[in-house]
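Topology and contacts: notes
Each chain, written out:
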Amino acid sequence: MQRNRDKLLNTVKREVLQLRLQSLHHPVIVNLVRQQPPQQLKRSWDIEIKVGKRPIVQLPPKVNIMQVFDRMKGKLLLLGNPGGGKTTTLLELARRLVIRMEKEPNLPIPILLDLSTWKNNNQGISDWLVDQLRFKYNIPKKVTRNWLENQQLLPLIDGFDRVSPELSEHCLEKINKFSVDFQPKHLVICSSFVAYKNCQNKFRVNAAVLLQPLTDNQIQDYLLVARSRELWNYIQEEPELLNLAKTPLMLSMMTLAYEEILIAAWRRITSKQGKEKYLLNAYIRSQLGGETNYKWYSRGQEPLPEQTRRWLAWLAQRMAAENIQEFRIEKLQSTWLDSHGELQTYQLIVNLISVLFWGFTFGFILTLHWELKAGLIIGAIGGLIGGLIGLPGLKNLVLRIVLFSNGHIPWNYRRFLNYSASRLLLQRIGDRYQFIHHLLYKHFTEM
């Protein structure tokens, strides 16, 4: 049991480190300030807290999320706008909790979960949690259930706002039932203001932490620290651009992509959605046009920007169709093929290979002389079994050939995904990949 605890803690520790290093705030400091950032990245936004029916209180800048967590007995709801710092705040809390548990091994283990993977209205949160620990961390279901029953897990749940609207109320009720049935010592949930406001019921937590949009002074301070005075001079005269910069995610994107923002083109856009789309496109152009510290391709061999956009758009659309946030190459399915020509081609090739395989195998066995030693026959049967075991891998190879030939993926898919992560379009956590933010993920699905 202790071995599983150590394994899970070490995996979560690596996951938190990888996600924080791949956040957009990190390259702003490293690439523009040209210095190694401190272990704790200072938050730029204000935090307010609401406890029961008491008035909302704004917390001093020096108060961190761990102090709030301890003061509220470890049961919190993090609320903010999309791109407003919820996940960043959750990761900072996870980092501090991991450090604390390394000093006090008997504390519950923090685990990062995303509610976008909860799709079954009839599935309890405990069953979902067991499945997620099996999928993400390879923890046996029996071990996870034992931890749940003994209050040895600390769920840090992101993405309530990514649950489909028709299921959000049911999901909230399931989480509350989980709190009653298993009585976890601590529980943290993240949601957007809008998604939570639309729910009739409320989470069983001790306090709601409200992440506020950035003020003009905070935007200016952030840009001056990042040595982007030119960008500050650029946007302070544009009220709508300044308003968009009040979202931390958008501000980080502006800082990295401001050379791609053309004010004349910006002014011609009338809708807020159009302006956000313009900024996301500017960010993608900047990331695909600059240098990267990770050389996944030889000089001059990188995918063309239009190829990268097309391949990532296809990936995002397939992930959205499956309603998943994370992707593994090994999880490519034939259902991702076009239901007309692509699927038929795949099935034809697989069936042809199967017929040839079986024909060769039976022909070989039948040609064996009955006077041969039994070992030869056993060897033939062993070869048959080995071939059958290899068929799933063969199917995956055929699938990737069909996807490649239709222009959906490059031949070396893993190298491309790693390259996209180095360009801060994807995040890589072990062998799993996800888009660097849900807003960018959604943007690629609409390409």
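Everything below is about the structure printed above this text.
In short, a report on the structure. The structure presented is a predicted model; accordingly, all values stated were derived computationally and were not measured.

Digging into helix H14 (residues 272–289)
- Counted at 1.5 Å a residue, the expected span for H14 with its 18 residues is 26 Å, and the 26 Å between its end C-alpha atoms agrees.
- Buried within H14 are the following residues: Lys 275, Tyr 278, Leu 279, Leu 280, Ala 282, Tyr 283, Ile 284, Ser 286, Gln 287 and Leu 288.
- Packing partners of the buried residues in H14 comprise helix H11 (239–244), helix H12 (248–257), helix H13 (263–268), helix H15 (305–322), helix H18 (413–422) and helix H19 (438–445).

Comments concerning the packing of H12 against H14
- Contact geometry for H12 and H14: axes closest at 9 Å, N-to-C directions at 45 degrees. The orientation of H12 with respect to H14, classified from their angle, is oblique. In the crossing of H12 with H14, the sense of the turn from one axis to the other is left-handed. Where H12 approaches H14, its residues Met 250, Met 253, Met 254, Leu 256 and Ala 257 are matched on the opposing element by Glu 276, Leu 279, Leu 280, Ala 282, Tyr 283, Ser 286 and Gln 287.
- Taken together, the residues that form the contact of H12 with H14 break down as 9 nonpolar, 2 polar and 1 charged.

Quick notes on the environment of Lys 142
- Along the chain, Lys 142 falls in helix H6 (residues 141–149).
- Spatially, the C-alpha atom of Lys 142 lies 8.5 Å from that of Val 130, the residues being 12 residues apart in sequence.

What to know about unusual backbone geometry
- Here Lys 73, not a glycine, exhibits a phi torsion of approximately 60 degrees, which is positive.
- By the element assignment, Lys 73 lies in the loop between helix H3 (65–71) and strand E3 (75–80).
- A positive phi angle, near 60 degrees, is found at Leu 424, a position not held by glycine.

Overview of the pattern of salt bridges
- Summed over the entire model, instances satisfying the criterion amount to 17 salt bridges.
- One salt bridge connects Glu 15 with Lys 136, and the closest N-O pair in it is separated by 2.9 Å. Pair noted here: Glu 15 is in helix H1 (residues 2–21) and Lys 136 is in helix H5 (residues 125–137), with a separation of 121 residues, a long-range link.
- Where salt bridges share partners, they join Glu 15, Lys 136, Glu 326 and Arg 432 into one cluster.

A word on a nonpolar patch on the surface
- The grouping of Leu 397, Ile 401, Phe 404 and Trp 411 at the surface amounts to a nonpolar patch, some 390 Å² of accessible area in total.
- Along the chain, Ile 401 falls in helix H17 (residues 374–405).

Some points on the sheet that holds strand E7 (residues 207–211)
- In spatial order, the strands read E2-E1-E7-E3-E6-E5-E4; together these 7 strands make up an open sheet with mixed pairing. Strands with a single pairing partner mark the edges of an open sheet, and in this sheet they are strand E2 (57–58) and strand E4 (109–114).
- Two elements, E4 and strand E5 (residues 153–158), share 6 bridges in a ladder whose sense is parallel. Following the sheet pairing, Leu 113 is matched in E5 by Ile 157.
- On the sheet, H5 packs against E4 and E5 and is oriented at approximately 95 degrees with respect to E4.

So, the packing of aromatic side chains
- Here the structure, examined in full by the defined rule, presents 13 aromatic pairs.
- Through pairs of rings, three or more aromatic residues link up here, namely Trp 311, Trp 314, Phe 327, Trp 336, Tyr 413 and Phe 416.
- Looking at Lys 275, its charged tip hangs above the ring of Trp 266, at a distance of 4.5 Å from the centre.
- Its end group placed over the ring of Phe 135, Arg 328 keeps NZ or CZ at 4.4 Å from the ring centre.

What about H12?
- For H12, the tally of buried residues reaches 10 of 10 residues, placing the bulk of the element in the interior.
- Within the span of H12, buried status applies to Pro 248, Leu 249, Met 250, Leu 251, Ser 252, Met 253, Met 254, Thr 255, Leu 256 and Ala 257.

What about the pairing of E7?
- Among the 5 residues that make up E7, 5 are buried, leaving the element largely enclosed by the rest of the structure.
- By the alternation rule, side chains of E7 split into Ala 207, Val 209 and Leu 211 and Ala 208 and Leu 210, which are all buried.
- Summarising the sheet, strand E1 (residues 47–50) and E7 pair through 4 bridges and their orientation is antiparallel. Looking across to E7, one finds that Ile 47 is bridged to Leu 211.
- Relative to E7, E3 runs parallel, the two sharing 4 bridges.

A closer look at the state of the cysteines
- For the structure on display, the rule yields 0 disulfides.
- Counting only cysteine sulfurs, Cys 199 is the nearest neighbor of Cys 171, a cysteine outside any disulfide, at a range of 8.7 Å.
- Given a relative accessible area of 0%, Cys 171 falls into the buried group.
- We classify Cys 199 as buried; its relative accessible area is 5%.

Here's the deal with the packing of H15 against H19
- The geometry of H15 relative to H19 is characterised by a closest axis approach of 7 Å and an angle of 100 degrees between their N-to-C directions. Compared by their axis directions, H15 and H19 come out roughly perpendicular. Side by side, H15 and H19 meet where Arg 309, Leu 312, Ala 313, Ala 316, Gln 317, Met 319 and Ala 320 of the first sit next to Tyr 441, Phe 444 and Thr 445 of the second.

A few points about the side chain of Gln 123
- As for its position among the elements, Gln 123 is in the loop between E4 and H5.
- Those residues in contact with Gln 123, other than ones at most four positions away along the chain, are Trp 118, Trp 128, Asp 131 and Lys 174.

Regarding the nonpolar core
- With 132 residues, the main nonpolar core has Leu 8, Leu 115, Leu 133 and Tyr 413 as its most contacted residues.
- Residues within four places of Tyr 413 in sequence aside, it is in contact with Trp 314, Leu 315, Phe 327, Ile 329, Leu 332 and Arg 400.

About the thresholds
- Here the residue index of a chain counts from 1 through its sequence in written order.
- Only residues with pLDDT of at least 70 are given local features in this predicted model, and only at 80 or more are side-chain atom pairs given and counted; all residues enter the totals for whole chains, interfaces and linings.
- As a rule here, side-chain values come from all non-hydrogen atoms in the structure, and water together with hydrogens is ignored.
- Helix numbers and strand numbers start at the N terminus; a helix is a DSSP run of H or I with at least 4 residues, a strand a run of E with at least 2.
- What a helix is expected to span follows from its residue count: subtract one and scale by 1.5 Å.
- To sort residues, take the accessible area from a 1.4 Å probe on protein chains only and compare it with the maximum for the residue type: under 20% means buried, over 50% means exposed, and anything in between is partly exposed.
- Any two residues having at least one pair of non-hydrogen atoms within 4.5 Å are treated as being in contact.
- Only C-alpha atoms enter the line fits that serve as axes; for helices the fit covers just the stretch in contact. Angles between N-to-C directions range over 0 to 180 degrees.
- An angle below 35 degrees is treated as roughly parallel, one above 145 as roughly antiparallel, one from 65 to 115 as roughly perpendicular, and anything else as oblique.
- In this scheme, a crossing is called left-handed if the near helix is turned counterclockwise away from the far one by less than a right angle; it is called right-handed if the turn is clockwise.
- In the scheme used here, Gly and all other residues not listed as nonpolar or charged are polar, with Ala, Val, Leu, Ile, Met, Phe, Trp, Tyr, Cys and Pro taken as nonpolar and Asp, Glu, Lys and Arg as charged.
- We define a salt bridge as a side-chain nitrogen of Lys or Arg found within 4 Å of a carboxyl oxygen belonging to Asp or Glu.
- Two joining distances apply to patches: 9 Å for like charges and 5 Å for nonpolar side chains (Val, Leu, Ile, Met, Phe, Trp, Tyr), and every residue must have over 30% relative accessible area and no salt bridge.
- All accessible-area figures derive from a Shrake-Rupley calculation using a 1.4 Å probe, and residue coverage is judged against the displayed protein chains alone.
- Strands are labelled as partners when DSSP assigns at least two bridges between them.
- Pairing of aromatic side chains requires ring centres within 6.5 Å, counting the rings of Phe and Tyr and the six-membered ring of Trp. Pairs whose planes differ by under 30 degrees are stacked, by over 60 edge-to-face, and all others tilted.
- Over a ring means this: the NZ of a Lys or the CZ of an Arg is within 6 Å of the ring centre and within 35 degrees of the ring normal.
- What counts as a disulfide here is a pair of cysteine sulfur atoms lying within 2.5 Å.
- Put simply, buried Ala, Val, Leu, Ile, Met, Phe, Trp, Tyr and Cys residues joined by side-chain atoms within 4.5 Å make one nonpolar core.

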